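This is what each chain is made of:
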Amino acid sequence: MNKMTDPDFYYTIEKPSVAEFKERGSKFIAYSFPIAVADDFKKNLQQLKKGHPKAVHHCFAYRIGTGGNNFRSGDDGEPSGSAGKPILGQIDSKQLTNTLVIVVRYFGGTLLGVPGLINAYKTSAALALQLAPVVQKQVEVEHTIQFDYTQMNEVMMVLKQYQCTVINQEMQLFCSIKAGIPKRSLQDVLYHLKELQQITVERSV
């Protein structure tokens, strides 16, 4: 079965990896990262630019979410389509999401041409992703749950039972929790939460 056709699960990489590829004097260093939001991409790119200030190009691609339309790629001065798209192609060939690959290039003085660049960026990204363990994760839908502090135990029991992720929480006399609820268990979780008295559950924007 195609990994991306299962609406309840998705595949991503478990941890970052790095790989190096050399082609006719140029050095390509590929970094892969698991990410959740676009800000993660910006932070990683800034860090790599600081770590490789003499590199001439920092090309990238990422895909986020399971809708299929949240992705971006960039050539950073390389000929159009010669870097970002080949990198994204490797992410997609492995049917991954929530994954970022950045390839840092040090120019070696020999022109590779567009076909050579495409192959170099494709190979670099593939090498990095080969070193990154792939994991299956549940698709989650974010909801905000508001309740009285006295109901804390009951609410947390439901979230724990269905393996929900607590994203953030405010615990005062009146509490608020933003939780990622597994899509496959969403109706059950909402049912059990709404069975409790004076609890408000709303889908997060």
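You'll find the structure just up there.
Scope of this entry: the structure provided in the associated data block. (Residues numbered from 1 in each chain as written. Predicted model: local features only at pLDDT ≥ 70, side-chain atom pairs only at ≥ 80, totals over all residues. Heavy atoms only, no water.)

Take unusual backbone geometry next. One non-glycine residue with positive phi stands out, namely asparagine 98, at about 50°. Residue classification places asparagine 98 among the buried residues on the basis of a relative accessible area of 12%. With a phi angle near 55°, glutamine 163 is a residue other than glycine that sits in the positive phi range. Among the structural elements, glutamine 163 can be located in the loop between α4 (152-161) and β9 (165-170). Relative accessible area serves as the criterion here: at 52%, glutamine 163 is assigned to the exposed category. (Buried < 20%, exposed > 50% of the residue type's maximum accessible area, 1.4 Å probe, protein only. Helix = DSSP H or I, 4+ residues; strand = E, 2+ residues; numbered from the N terminus.)

Turning our eyes to something else, we now look at a nonpolar patch on the surface. Together, Val56, Phe107 and Leu111 make up an exposed nonpolar region whose accessible area comes to about 320 Å². Mapped onto the fold, leucine 111 is located in the loop between β6 (99-106) and α3 (113-130). (Patch = residues over 30% accessible without salt bridge, like charges linked within 9 Å, V, L, I, M, F, W, Y side chains within 5 Å. Areas by Shrake-Rupley, 256 points an atom, 1.4 Å probe, with all protein chains shown as cover. Salt bridge = Lys/Arg side-chain N within 4 Å of Asp/Glu carboxyl O.)

This paragraph deals with the sheet that holds β6. Strand order across the open sheet formed by 5 strands is β2-β3-β6-β4-β5, with antiparallel pairing between neighbours. Edge positions in the open sheet fall to β2 (17-23) and β5 (71-74), since each of these has one partner strand only. Averaged over all neighbouring strand pairs, the angle between strand axes comes to 15°, with direction disregarded. Relative to β6, strand β4 (residues 57-63) runs antiparallel, the two sharing 7 bridges. Bridged to histidine 57 within β6 is arginine 105. In the packing of helix α2 (residues 84-93) onto the sheet, the strands contacted are β4, β5 and β6, and the crossing angle to β4 comes to about 35°. (Pairing = 2+ DSSP bridges. Axes fitted to C-alpha atoms, helices over the stretch in contact; angles between N-to-C directions. Contact = heavy atoms within 4.5 Å.)

In short, geometric facts, not functional conclusions.
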